[in-house]
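Remarks on the overall topology
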Amino acid sequence: MKVIAVCGSPRTNGNSDVLCDQFLKGAGEAGCETQKIQIGKTKISPCYACYVCKETGRCVQNDGMDEILEKIIHSDVILLATPVYFYSMDAQMKIFIDRSLARYQEIKDKTFYFAITAADTRHEAMEPTIAGLNGYTACLPGAVVKDIFYGTGTWEKGDILGLPVMKKIFEAGKSLG
Ligand SMILES: Cc1cc2nc3c(=O)[nH]c(=O)nc-3n(C[C@H](O)[C@H](O)[C@H](O)COP(=O)(O)O)c2cc1C
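Structural notes, computed from the coordinates. None of the values given here were measured: they were computed from a predicted structure.

Parameters and conventions
- Residues numbered from 1 in each chain as written.
- Predicted model: local features only at pLDDT ≥ 70, side-chain atom pairs only at ≥ 80, totals over all residues.
- Heavy atoms only, no water.
- Phe/Tyr/Trp six-rings, centres within 6.5 Å; stacked < 30°, edge-to-face > 60°.
- Helix = DSSP H or I, 4+ residues; strand = E, 2+ residues; numbered from the N terminus.
- Buried < 20%, exposed > 50% of the residue type's maximum accessible area, 1.4 Å probe, protein only.
- Near = heavy atom within 4 Å.
- Polar contact = N/O pair within 3.5 Å; in protein donor to acceptor, adjacent residues only side chain to side chain.
- Areas by Shrake-Rupley, 256 points an atom, 1.4 Å probe, with all protein chains shown as cover.
- Nonpolar A, V, L, I, M, F, W, Y, C, P; charged D, E, K, R; others polar.
- Core = buried A, V, L, I, M, F, W, Y, C linked by side-chain atoms within 4.5 Å.
- Contact = heavy atoms within 4.5 Å.
- Axes fitted to C-alpha atoms, helices over the stretch in contact; angles between N-to-C directions.
- Left-handed = near helix turned anticlockwise from the far one by under 90°.

1. Focus on the packing of aromatic side chains
In total, this model carries 4 aromatic pairs according to the counting rule given. Plain terms: the ring middles of Phe96 and Tyr136 are 6.2 Å apart, the flat faces sit at 70 degrees to each other, and that makes the pair edge-to-face. Taken together, the residues span a long stretch of sequence, with Phe96 in helix α4 (residues 91-98) and Tyr136 in helix α5 (residues 127-137) at a distance of 40 residues. What makes Phe96 buried here is its relative accessible area of 1%. Aromatic pair Phe112 and Tyr136: ring centres 6.4 Å apart, planes at 75 degrees, arrangement edge-to-face. Linking Phe112 in strand β5 (residues 111-118) with Tyr136 in helix α5, this pair joins segments that are 24 residues apart in sequence. Both residues of the pair, Phe112 and Tyr136, count as buried. Put simply, the rings of Phe23, Tyr113 and Phe149 touch in pairs and so form one group of aromatic residues.

2. Section: the site of the ligand
Taken together, 16 residues lie near the ligand, and Ser9, Asn15, Ser16, Val84 and Asp120 sit nearest. With respect to the ligand, the side chain of Ser16 contributes an N or O atom lying 2.6 Å from an oxygen atom. Thr117 places a polar side-chain atom, nitrogen or oxygen, 3.1 Å from an oxygen atom of the ligand. Contact with the protein chains hides 82% of the accessible area of the ligand, taken as 650 Å² for the molecule alone. Of all the secondary structure elements, the ones that give two or more residues to the shell around the ligand are α1 (15-29), β3 (77-85) and β5. Broken down by element, the residue count for the shell around the ligand peaks at 3 residues, all from β3. Broken down by class, the residue content of the shell around the ligand amounts to 8 nonpolar, 6 polar and 2 charged.

3. Points about the nonpolar core
By size, the foremost hydrophobic cluster in this structure holds 30 residues, and its most contacted members are Val6, Ile72, Leu80 and Phe96. Broken down by secondary-structure element, the contributors of at least two residues to this core are β1 (2-7), α3 (65-73), β3, α4, β5 and α5. Looking at this core element by element, the count peaks at 5 residues for α3. For Phe96, the residues in contact, after removing those within four places along its chain, are Val6, Ile39, Ile44, Met65, Ile68, Ile72, Leu80 and Tyr136. Residues Val18, Ala115, Ile160 and Ala172 belong to the second largest nonpolar core, which totals 22 residues.

4. Quick look at the packing of α1 against helix α6 (residues 164-174)
Packing of α1 against α6 leaves a shortest axis separation of 6 Å and a crossing angle of 35 degrees. The way α1 lies across α6 gives a crossing that is right-handed. Residues Val18, Leu19, Gln22, Phe23, Lys25, Gly26, Ala27 and Glu29 of α1 touch α6, and the partners they reach there are Val165, Met166, Ile169, Phe170, Ala172, Gly173 and Lys174. Split by residue class, the contact of α1 with α6 holds 9 nonpolar, 3 polar and 3 charged.

5. Regarding the side chain of Asn15
Here Asn15 lies in helix α1. The exposure class assigned to Asn15 is buried, which follows from its relative accessible area of 4%. For Asn15, the side chain forms a polar contact with the main-chain nitrogen of Asp159, separated by 3.4 Å. A polar atom in the side chain of Asn15 sits 3.2 Å from the backbone nitrogen of Ile160. With near-sequence residues (within four places) excluded, Asn15 lies in contact with Thr117, Thr154, Trp155, Glu156, Lys157, Gly158, Asp159 and Ile160.

Below is the structure:
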């Protein structure tokens, strides 16, 4: 089983990053092949909406997204982790999603998990962010969203440590074996 965590945060060891590591740690202990893609630290450009990919199945931009899509297409389980920025997903996660256009129909039959980090403690305040991620998975053939992890009440790096979501996301990773 191939498990990928896509981390939208630009902060290394930030709250989303730590949740990704916990998930992958659990999955690794369960015998899965694991990989983290730090999309928040990768310089991928927004979609140009040129629609060349409709004809060719490939993006005209050569910035590493091809390689990322290849990994996503060949994975089984995908964790999408994003910090909340102004009550939505962060820009890097949105760019990743939009740049899937070239091959999104090949992202088939995947199991998804979402991890959302935010200073706000209210789960209902995460709804616009979750709606955006659901908008993506709804376009992918056979996608199933299995669970959502709330890293709420986190502001500074490290605030996530010790929260119950750490154990919850680890256990979810571990259940994948
Ligand atoms: C540009 C920006 C906008 C933010 N907007 C919100 C927001 O609308 N609501 C909220 O609860 N937290 C907001 N935050 C706080 C982050 O969501 C929070 O610090 C989160 O834990 C960061 O996760 P990370 O460590 O994975 O980057 C914002 C932070 C930044 C940098």
